[in-house]
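# Descriptive analysis of the structure
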Amino acid sequence: MDNSLSFREEKAIKTIHEATSATPQSTEGLQPVIEVYGGASLRGEVRVSGAKNSALAIMAGTLLCSDDCRLRNLPALADIDRMCQILSAIGVKLRRSGDCLDIDARDIGQSQAPYELVSQLRASFFVIGPLLARLGTTQVPLPGGCAIGARPVDLHVRGLHAMGADVRIEHGVVHANVRGNRRRLTGANIYLDYPSVGATETIMMAATLAEGETVIGNAAQEPEIVDLANFCRSMGARIKGDGTATIMIEGVERLHATDFPIIPDRIEAATFLCAGAITHSEISLFPVVPDHLSSAIAKLREMGPEVVVEGPDRVRLIPKSLRGADIETLPYPGFPTDMQAQFMAVLAMSEGNSVVTETVFENRLQHVAELQRMGANIKVKGNSAIIQGVPFLSGAPVMSTDLRASAALVIAGLAAEGKTVVQGLKHLDRGYEDIEGKLRGLGANLRRVWVPAEDTAG
Ligand code: EPZ
């Protein structure tokens, strides 16, 4: 494979050399990129932040409560900032200090989250269940699709309808009202066509204040569902079966104040395990919930490395030579789709063949083209990527297409020969708190620099 850089790429990298790593006074016409210099081995321990996908759902869940709520261990992410903006726009009073967030949702004013915010953060659609349960009426803009798929919300809507809401979509906005002159939703038996994480969360939250019992069949079982259920129970909700395929919720009149810590982010943890594996490094991670990493740990062990569980909240990776393995993404407890791109980067440098099949989202293999630019030998057939491991990757300018793909490109850059320039950091910053600082803390050689936006356009 010809790895020589084109004139444009040379120019882009030359421009980057001239770039400074400090954030310039004005970023007009500039864009941040991460320069990764491959070859460093890592060592030491990295701290894992609170789980983004748990925090976002729980922040929506605070709308269920008319007392003060305090959330702890919140990660510092763009998505968390956006969810704060959305809650404020609904009338929620917020106070952040470090990783703590105090939330007062007593006076929820206008019950429509603004489209310009919802369109940037799909998870903001999770406010529909709590707002409908609290107010009996709400309007939430449809979040629309994203790079990895159409992301419909039909299962959310059908669940709310089953609980006694009239739901109609007009001009891109979902209007939902409790039917008739009833003040509260009504418990219902709901069977999900697909164990959707978001739909399970929407229905479970709405059901906490409904009249009677709701049973969710074929429910999602992700750890973030259990964390949300624990959060709701800490406010007095009556929920059983979370973490299994059948969740039962007995509605109550109102919920009370709570002070709740978010679980560690299993996807971030798996991302660091992949960084250790691809650089043949011994690293440890803290805090983690080892059970939440079962499929990732099993897959890494199959690929060669040892993963040692050290006590209730620490894991250690001990590197071994890497061999190929097959992956099929599935709803939890199957292999998580959010870890697929990161593992593919490792498999690209693992000896032998691997097949990675993405079954959860219809368009989540876009990182393949970028890994190919770095010399990976991968062919896409339908929703599968057939990987032939190569002895080395070579650094190149690469473009992030979505959140986990951007993490995969950083991981590949850690092991590639030469310099990799990862562009499109708006994706990365949505889901990873200071990833370059954390990796540098392990000994990786990478930095964020600002470069002229037009020089590195894809
Ligand atoms: C959550 O998204 C996560 N996001 C995603 O993480 C994660 O990839 C996904 O769950 C699967 O684990 C948050 O929690 C904020 P789904 P969600 O509903 O709830 C289809 C990341 O990288 N579906 O389980 O949107 C859908 O199209 C992000 O952190 C319907 O058809 O995922 C998809 O194919 C990416 N109708 C499948 O279900 C619906 O009403 C899984 O979606 C809802 C979903």
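Residue positions are given per chain, counting from 1 as you read along its sequence in written order. Reporting in this predicted model follows two pLDDT cut-offs: at least 70 for local features of residues, and 80 or more for side-chain atom pairs to be given and counted; totals over whole chains, interfaces and linings ignore these cut-offs and use all residues. Only hydrogens and water are set aside; all other atoms, that is, all heavy atoms of the structure, feed into the side-chain values.

## As for the site of the ligand
What counts here: In these notes, residues near a molecule or strand are those with any non-hydrogen atom within 4 Å of it. Any pair of N or O atoms that falls within 3.5 Å is considered a polar contact. Within protein, one atom must be able to donate a hydrogen and the other to accept it, and sequence-neighbouring residues count only if both atoms are side-chain atoms. Note on areas: these come from Shrake-Rupley sampling with a 1.4 Å probe, and a residue is covered only by the protein chains present in the view. Helix numbers and strand numbers start at the N terminus; a helix is a DSSP run of H or I with at least 4 residues, a strand a run of E with at least 2. Each residue is assigned to one of three groups, with Ala, Val, Leu, Ile, Met, Phe, Trp, Tyr, Cys and Pro labelled nonpolar, Asp, Glu, Lys and Arg labelled charged, and all others, Gly among them, labelled polar.
Around the ligand there are 21 residues in total, and D154, L155, S196, D338 and V360 lie nearest to it. V360 is positioned such that a nitrogen or oxygen atom in its backbone is 2.6 Å from an oxygen atom of the ligand. In isolation the ligand has 820 Å² of accessible area, and contact with the protein removes 87% of it. Where the shell around the ligand is concerned, the elements lending two or more residues are α2 (52-61), α6 (154-162), α7 (197-207) and α13 (403-415). Ranked by the residues each element gives to the shell around the ligand, the list is headed by α6, at 3 residues. Here the shell around the ligand is built from residues that sort into 10 nonpolar, 5 polar and 6 charged.

## Focus: the environment of R447
What counts here: For every residue, the accessible area (1.4 Å probe, protein chains only) is compared with the maximum for its type, and the residue is labelled buried under 20%, exposed over 50%, or partly exposed between those bounds.
If you trace the backbone, R447 turns up in strand β23 (residues 445-452). Overall, R447 belongs to the partly exposed group, its relative accessible area being 27%. With 421 residues separating them along the chain, R447 and S26 place their C-alpha atoms 19 Å apart. Of note is the side chain of R447, whose polar atom sits 2.7 Å from the side chain of E35.

## Topic: the packing of α2 against helix α8 (residues 223-234)
The test is simple: Axes, fitted as lines to C-alpha atoms, cover a helix only where it is in contact. Angles between the N-to-C directions of the axes lie from 0 to 180 degrees. Oblique is the label for any angle not under 35 degrees, not over 145, and not in the 65 to 115 range, which are roughly parallel, roughly antiparallel and roughly perpendicular in turn. Two helices crossing with the near one rotated counterclockwise from the far one by less than a right angle form a left-handed crossing, whereas a clockwise rotation gives a right-handed crossing. Here, residues are in contact when the closest pair of their heavy atoms is within 4.5 Å.
α8 packs onto α2 with a crossing angle of 30 degrees between their chain directions and a minimal axis gap of 9 Å. Taken together, the axis directions place α2 and α8 in an arrangement best described as roughly parallel. Like other packed secondary-structure pairs, α2 and α8 cross with a definite hand, here right-handed. Of the residues in α8, those touching α2 at N53, S54, A57, I58 and G61 are E224, D227, L228 and F231. Here the residues of the contact of α2 with α8 sort into 4 nonpolar, 3 polar and 2 charged.

## Topic: the environment of T208
The residue T208 is located in the loop between α7 and β10 (213-217) in this model. In this structure the C-alpha to C-alpha distance between T208 and A237, which are 29 residues apart in sequence, comes to 5.7 Å. With sequence-adjacent residues up to four places away left out, T208 is seen in contact with L64, C232, A237, I239, I249, E250, G251, V252 and L255.

## Things to note about the side chain of E35
For E35, the position within the fold is in strand β1 (residues 30-37). Judged by its relative accessible area of 0%, E35 falls in the buried class. Polar contacts involving the side chain of E35 include one to the side chain of Y37, which spans 2.7 Å.

## Focus: the sheet that holds strand β9 (residues 189-191)
Rules: Whether two strands pair comes down to DSSP finding at least two bridges between them.
Read from one edge to the other, the open sheet built from 4 strands follows the order β9-β10-β12-β11, with strand pairing classed as mixed. Each edge of the open sheet carries a strand with a single partner, namely β9 and β11 (238-240). Along the sheet, successive strands turn relative to each other by an average axial angle of 15 degrees, direction set aside. Across 3 bridges, β9 lies against β10 in parallel orientation.

## Remarks on α13
Judged by how many residues are buried, α13 sits mostly within the fold: 13 of 13 residues are covered. The N-terminus of α13 is capped by D402, whose side-chain oxygen sits 3.3 Å from the backbone nitrogen of R404.

## Looking at helix α9 (residues 266-278)
The following threshold applies: Between the first and last residue of a helix there are one fewer steps than residues, each counted as 1.5 Å, and that sum is the expected span.
Taking 1.5 Å per residue as the helical rise, α9 with its 13 residues ought to reach 18 Å, and the 18 Å between its terminal C-alpha atoms agrees with that figure. With 13 of its 13 residues buried, α9 lies for the most part within the structure. Among the residues of α9, the N-terminal cap falls to D265, whose side-chain oxygen and the backbone nitrogen of I267 are separated by 2.9 Å. Phi for H280, located one or two positions after α9, is positive at around 50 degrees.

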